[in-house]
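Breakdown of the fold
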There are 2 protein chains.
Amino acid sequence: MIRQVPARQVSPAPRTAVVLGTGLIGTSIALALTERGVTVWLADRDRTAARLAADIGAGTVLPDADVARPPRADLAVFAVPPAAVAATLSQAQAAGLARWYTDVASVKSQPLAQAAELGCDLTTFVPGHPLSGRERSGPAAARADLFLGRPWVVCHTEQVRPDAVSAVLGLVECCRAEPVPLAAAEHDRFVALVSHAPHVVAAAMSAQLADAPATALGLAGQGLRDVTRIAAGDTGLWEQILAANAAPLARVLGAVAADLAAVAEELEQSTSASASARLKLLGGLLERGVSGVGRIPGKRGGARAADTVVQVVIPDRPGELARLFQVAGQAGVNIEDVGIEHSPGLPVGVAELTVSPDAVGTLTRALAAAGWPVRR
Amino acid sequence: MIRQVPARQVSPAPRTAVVLGTGLIGTSIALALTERGVTVWLADRDRTAARLAADIGAGTVLPDADVARPPRADLAVFAVPPAAVAATLSQAQAAGLARWYTDVASVKSQPLAQAAELGCDLTTFVPGHPLSGRERSGPAAARADLFLGRPWVVCHTEQVRPDAVSAVLGLVECCRAEPVPLAAAEHDRFVALVSHAPHVVAAAMSAQLADAPATALGLAGQGLRDVTRIAAGDTGLWEQILAANAAPLARVLGAVAADLAAVAEELEQSTSASASARLKLLGGLLERGVSGVGRIPGKRGGARAADTVVQVVIPDRPGELARLFQVAGQAGVNIEDVGIEHSPGLPVGVAELTVSPDAVGTLTRALAAAGWPVRR
């Protein structure tokens, strides 16, 4: 049913585009298109959001349909919630809004099925999903480089015409993203695994904290903060996304729940058994966990083990980090990542500088020579 | 059975101490004690580790018992795995190693029960647990300020003598940590919730990735990396810690598993029901998740919402961050936290600077004046 889109095809940018939905994703796409010289019209049910997007240079607000009409655009981009994609497509096609259509929703099968039910023309519709990797929202957080180097899934259906695919690949190139051709069902299984299930798992862990004693939360470290961070997202939007990918998500969550329930039972039984009994299920799960986390590409798509962390204790006051980075820069060391760990209530922090292993010696010597206490 | 230790008691530092176990925690304690003028002896089953700790200034390697004996120390600190605490205490007391004893294991009830079974003298033993909030290991990662401002649980049993508690509070003060008086059972319930269960939950999510297609993993964003990061820890040590806190951990994991299983079932049923049916369990879990994550104290113990993030696009080359921080420092702005988000494969990154809300205007103006493209 599904053919693969050839990656790295050089596709022309659309000359004109309509972006429906000017949240973070829609506005960022509009900014990228505008930067590449594409004429962009903007619309949003919240006209304030559309005007804000126009104000930051993302395009021109689409005139009301009953007042004036823009010329038919090359490409219409629907940056609307998954449940709104099919209806938006149907209306846009009825109005002859564009030659080609795409969306950016984070689920693909359900909107596609709904569009077919509504009798949409699927020869001009190419479902898409840019993975920006960000959790902020709203047009004010938008930027033209939001998708730079990030994967952008392009789903190629049996019905679609090659010129429509080419137009959407042109959009992806405008945004300087990496096209990833996937079938809709494959896409949905993959994002259930790497995005949707992690969100629910984080929420389930966080939910246990909702009624916990404050003293217990006072013992929390960075590990708990990391595990639960994404659970702070917009629940309304997430509920809609997760519901639209119900079957693949249910499979992953069911598997995680089964693993956790089995380990919980093993732990309960172990309290009555001999203390030296090995916990096979727990040990096995931890091993599989190490194996799984090692397969996640690092920030640069490389293995995360390749970089080394150098720790520097710094006074927590203006200018100290500047001095630190100046020394690193003068030594010609490129810092891949940086984090600061504060000691609660005290004016001292530890900067953790991630550098390539061959730069560790240079950096350590340069920092030590400049008087910084350094540990690897 | 358990009385509370009064917090903030001013306690004298021990004059002499023995640290058994020179991993990250033991060596860091030894460094802190040495810095405060305490005479410290070091021992580890791995004599190389003990010598390395001595080499970095943490104390003197304890002579072999059959060759020479140190004078009886004021305080012995057992920085050994939970399962080894009771036997270590028993042997140390038989040898008259110190006047008072404490440990740093991350579970408290089981070692205490084992020590009672072995007939240890519990009048001189004060179970302790410093929460360093770090995941590195080994003496080379040690530093004297590892516990600075961090919580240090001090368990005060019915049998213990006040002078033993006072000595351990002196140790906590030497390490500049914050003493948190808790009953052993309470401690174990709390760490099951904020440390042990999150570890297993992260492992269970990561385990699903072990056999996933590489293309799926290529779609991963920062959310998945955060949720799974701690699953990369030392499985042998973690299995032992988790097994020693089996009952409290089983309760939390059982509750998380039940929530996930219920949501998975609701999602499965929703695919056959009407698309507009509300997913009450999923929505409720997401809401509880937001509520729970909001209760975790921030890096400074304050609310995490108080700080604001300013984004700056930076070329990914040496010296750029130095220039950025210099401008911030000259403007008198203190940067609370910093992260860099790289765009895979391309020489551009986005620095995210966390500052207090009243500094945002100053920072934004200073960066803009210096030519940086800034977004909030």
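Note that the structure is predicted; figures quoted are calculated from it, not measured.

As for the overall build of chain A
Of regular secondary structure, chain A possesses 13 helices and twelve strands. When contacts within chain A are restricted to residue pairs at least 6 apart in sequence, long-range pairs at least 24 apart make up 71% of them. Total accessible area on chain A is roughly 14,600 Å²; 54% of this is exposed by carbon and sulfur atoms.

Some remarks on the packing of helix 6 (residues 184–207) of chain A against helix 6 (residues 184–207) of chain B
Taken N-terminus to C-terminus, the directions of helix 6 of chain A and helix 6 of chain B make an angle of 160°; their axes are 11 Å apart at the nearest point. One finds that helix 6 of chain A runs roughly antiparallel with respect to helix 6 of chain B. When the axes of helix 6 of chain A and helix 6 of chain B are compared, the crossing they make is right-handed. Listed contacts from helix 6 of chain B to A:Leu193, A:Ala197, A:Pro198, A:Val201 and A:Met205 of helix 6 of chain A are B:Leu193, B:Ala197, B:Pro198, B:Val201 and B:Met205. Across the contact of helix 6 of chain A with helix 6 of chain B, the residue classes break down as ten nonpolar, no polar and no charged.

Side note on the sheet that holds strand 4 (residues 73–78) of chain B
Sheet strands associate in pairs through backbone hydrogen bonding, adopting either a parallel or an antiparallel arrangement. Residues and elements named next belong to chain B. If you walk across this open sheet you meet the eight strands as 3-2-1-4-5-6-7-8, and the pairing is mixed. The open sheet is flanked by strand 3 (60–61) and strand 8 (178–181), the only strands paired with a single partner. Together, strand 1 (16–20), strand 2 (39–43), strand 4, strand 6 (125–130) and strand 7 (151–154) form the strand contacts of helix 1 (residues 24–35), whose direction differs from that of strand 2 by roughly 160°.

Comments concerning the pattern of salt bridges
Inspection of the entire model under this criterion finds 15 salt bridges over all chains. A salt bridge links B:Arg161 to B:Asp163; its shortest N-O distance comes to 3.0 Å. Looking at B:Arg161, the relative accessible area reads 37%, which means it is partly exposed. You can call B:Asp163 partly exposed: its relative accessible area is 29%. Taken together, the shared-partner salt bridges connect A:Arg15, A:Asp74 and A:Arg99 into one network.

Let's talk about the interface of chain B and chain A
In this assembly, 135 residues from chain B lie in contact with 135 residues from chain A. Across the interface of chain B and chain A, roughly 11,800 Å² is buried in total on both sides, 65% from carbon and sulfur atoms. Here chain B and chain A share three salt bridges between them. Here B:Asp226 and A:Arg229 are joined by a salt bridge, their closest N and O atoms 2.5 Å apart. By residue number, the principal contributor to the side of chain B that touches chain A is helix 10 (residues 246–270) of chain B, which donates 18 residues.

Focus: the side chain of A:Lys108
All names here are of chain A. Secondary-structure assignment places Lys-108 in the loop between strand 5 (98–103) and helix 4 (109–117). With relative accessibility at 1%, the residue Lys-108 sits in the buried group. Setting aside anything within four residues of it in sequence, one finds Lys-108 in contact with Asp-103, Pro-127, Gly-128, His-129, Cys-155, Ala-184, His-187 and Asp-188.

Side note on the relation of the copies chain B and chain A
Placing chain B over chain A gives an RMSD of 0.1 Å and needs a rotation angle of 180°, together with 0.0 Å of translation along the axis. Seen this way, the second copy is the image of the first under a two-fold rotation axis. A high fraction, 100%, of the interface residues of chain B reappear at the interface in chain A, so the copies pair face to face through one surface.

Focus: the packing of aromatic side chains
Residues and elements named next belong to chain B. Under the defined criterion, the tally for this structure stands at four aromatic pairs over all chains. Ring geometry for Phe-78 against Tyr-101: centres 5.9 Å apart, planes inclined by 25°, an arrangement best described as stacked. Placement of the pair is Phe-78 in strand 4 and Tyr-101 in strand 5 (residues 98–103), with a sequence separation of 23 residues.

With respect to the nonpolar core
Ranked by internal contacts, the top residues of the largest apolar core, which has 140 residues, are A:Leu253, A:Leu260, B:Leu253 and B:Leu260. Judged by nonpolar contacts, the second largest core, of 42 residues, contains A:Leu363, A:Leu367, B:Ala351 and B:Trp372.

Some points on unusual backbone geometry
Residue and element names in this part refer to chain A. Of note in this structure, Arg-176 is not a glycine but carries a positive phi near 50°. Along the polypeptide, Arg-176 turns up in the loop between helix 5 (162–174) and strand 8 (178–181). Residue classification places Arg-176 among the partly exposed residues on the basis of a relative accessible area of 44%.

Structural notes on helix 2 (residues 47–55) of chain B
Counting along an α-helix, one turn takes 3.6 residues, and residues three or four places apart therefore face a common direction. Residues and elements named next belong to chain B. When we look at burial in helix 2, the residues that qualify are Ala-49, Ala-50 and Ala-53. All buried residues of helix 2 lie within an arc of 100° about the axis, which places them on one face of the element. Across from the buried face of helix 2, at angles greater than 90 degrees, the exposed residues are Thr-48 and Asp-55. Those residues of helix 2 hidden inside the fold are in contact with helix 1, strand 2 and strand 3. Of the residues one or two after helix 2, Gly-57 is the one with positive phi, at around 95°.

Calculation notes
- Residues numbered from 1 in each chain as written.
- Chains lettered and ligands numbered in written order.
- Predicted model: local features only at pLDDT ≥ 70, side-chain atom pairs only at ≥ 80, totals over all residues.
- Heavy atoms only, no water.
- Helix = DSSP H or I, 4+ residues; strand = E, 2+ residues; numbered from the N terminus.
- Contact = heavy atoms within 4.5 Å.
- Areas by Shrake-Rupley, 256 points an atom, 1.4 Å probe, with all protein chains shown as cover.
- Axes fitted to C-alpha atoms, helices over the stretch in contact; angles between N-to-C directions.
- Parallel < 35°, antiparallel > 145°, perpendicular 65-115°, else oblique.
- Left-handed = near helix turned anticlockwise from the far one by under 90°.
- Nonpolar A, V, L, I, M, F, W, Y, C, P; charged D, E, K, R; others polar.
- Pairing = 2+ DSSP bridges.
- Salt bridge = Lys/Arg side-chain N within 4 Å of Asp/Glu carboxyl O.
- Buried < 20%, exposed > 50% of the residue type's maximum accessible area, 1.4 Å probe, protein only.
- Buried area = accessible area lost by both parts, 1.4 Å probe.
- Least-squares fit on C-alpha atoms with pLDDT ≥ 70 in both.
- Phe/Tyr/Trp six-rings, centres within 6.5 Å; stacked < 30°, edge-to-face > 60°.
- Core = buried A, V, L, I, M, F, W, Y, C linked by side-chain atoms within 4.5 Å.
- Arc of directions from axis to C-beta.

Function cannot be inferred from these measures alone, as they are strictly geometric.
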